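# Close look at the chain arrangement
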Amino acid sequence: MTKAEEAQLVERILALADQVAQTEERSDHLKTRVPLGVATPTLNYREDTQALKAEYNQAVAVAVAAGYLSEDDLRQVGLPVQMPT
């Protein structure tokens, strides 16, 4: 993997972490905005969050296995080593 590809992987990890946080926030706010008993079948925040977390975990595993990032590197910038799915 080239330095450019390594940088892209790290950027993707940061973007995924941000997307997870934003999706979870939208999901939390949805509960207060949607009246009780109203189904929201087109809003799949739970599934979206799970898919983003799985992709994050996979990207982190690749980066750590290749030696581009360490678990300490992630912790230093406030990112989890693995997101619970």
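Structure shown above.
Not measured: the values here are computed from a predicted model. As a convention, each chain's residues are numbered from 1 in the sequence order in which they are written. Totals for whole chains, interfaces and linings use all residues, but because this is a predicted model, local features are given only for residues with pLDDT of at least 70 and pairs of side-chain atoms are given and counted only at 80 or more. Computation of side-chain values: all heavy atoms of the structure, hydrogens and water removed.

### Here's the deal with the environment of alanine 59
What counts here: Strands are runs of DSSP state E lasting at least two residues, helices are runs of H or I lasting at least four, and both sets are numbered from the N terminus onward.
Within the secondary structure, alanine 59 is located in helix H2 (residues 45–65). In sequence terms alanine 59 and isoleucine 13 are 46 residues apart; their C-alpha atoms lie 6.4 Å from each other.

### Observations concerning the nonpolar core
For clarity, the threshold we go by: Nonpolar cores are built from buried Ala, Val, Leu, Ile, Met, Phe, Trp, Tyr and Cys residues. Side-chain atoms within 4.5 Å join them into one set. The buried label goes to any residue with under 20% of its type's maximum accessible area, the exposed label to any with over 50%, and the partly exposed label to all in between, with areas taken from a 1.4 Å probe on protein chains only. By definition in these notes, contact holds between two residues if any of their heavy atoms fall within 4.5 Å.
If you look at the biggest cluster of nonpolar residues, it comprises 14 residues, and the most contacted ones within it are Ile13, Tyr56, Leu74 and Leu79. Among residues more than four places away in sequence, those in contact with tyrosine 56 are Ile13, Leu16, Ala17, Leu74, Leu79, Pro80, Val81 and Met83.

### Considerations on H2
Operational definition: Expected span of a helix: the number of residues minus one, times 1.5 Å.
Taking 1.5 Å as the rise per residue, H2 with 21 residues should run 30 Å; its terminal C-alpha atoms sit 30 Å apart, in good agreement. Buried residues of H2: Tyr45, Thr49, Leu52, Lys53, Tyr56, Asn57, Ala59, Val60 and Ala63, and no others. Glycine 67 occupies a position one or two residues after H2 and carries a positive phi of about 85°.

### A look at the side chain of threonine 23
Inclusion rule: Polar contact criterion, stated in full: a pair of N or O atoms within 3.5 Å, where within protein one must be able to donate a hydrogen and the other to accept it, and residues adjacent in sequence count only if both atoms are side-chain atoms.
With respect to the element layout, threonine 23 can be found in helix H1 (residues 3–33). A distance of 2.8 Å separates the side chain of threonine 23 from the backbone oxygen of glutamine 19, its partner in a polar contact. Discounting chain neighbours no more than four positions away, the residues touching threonine 23 are Tyr45, Asp48, Thr49 and Leu52.

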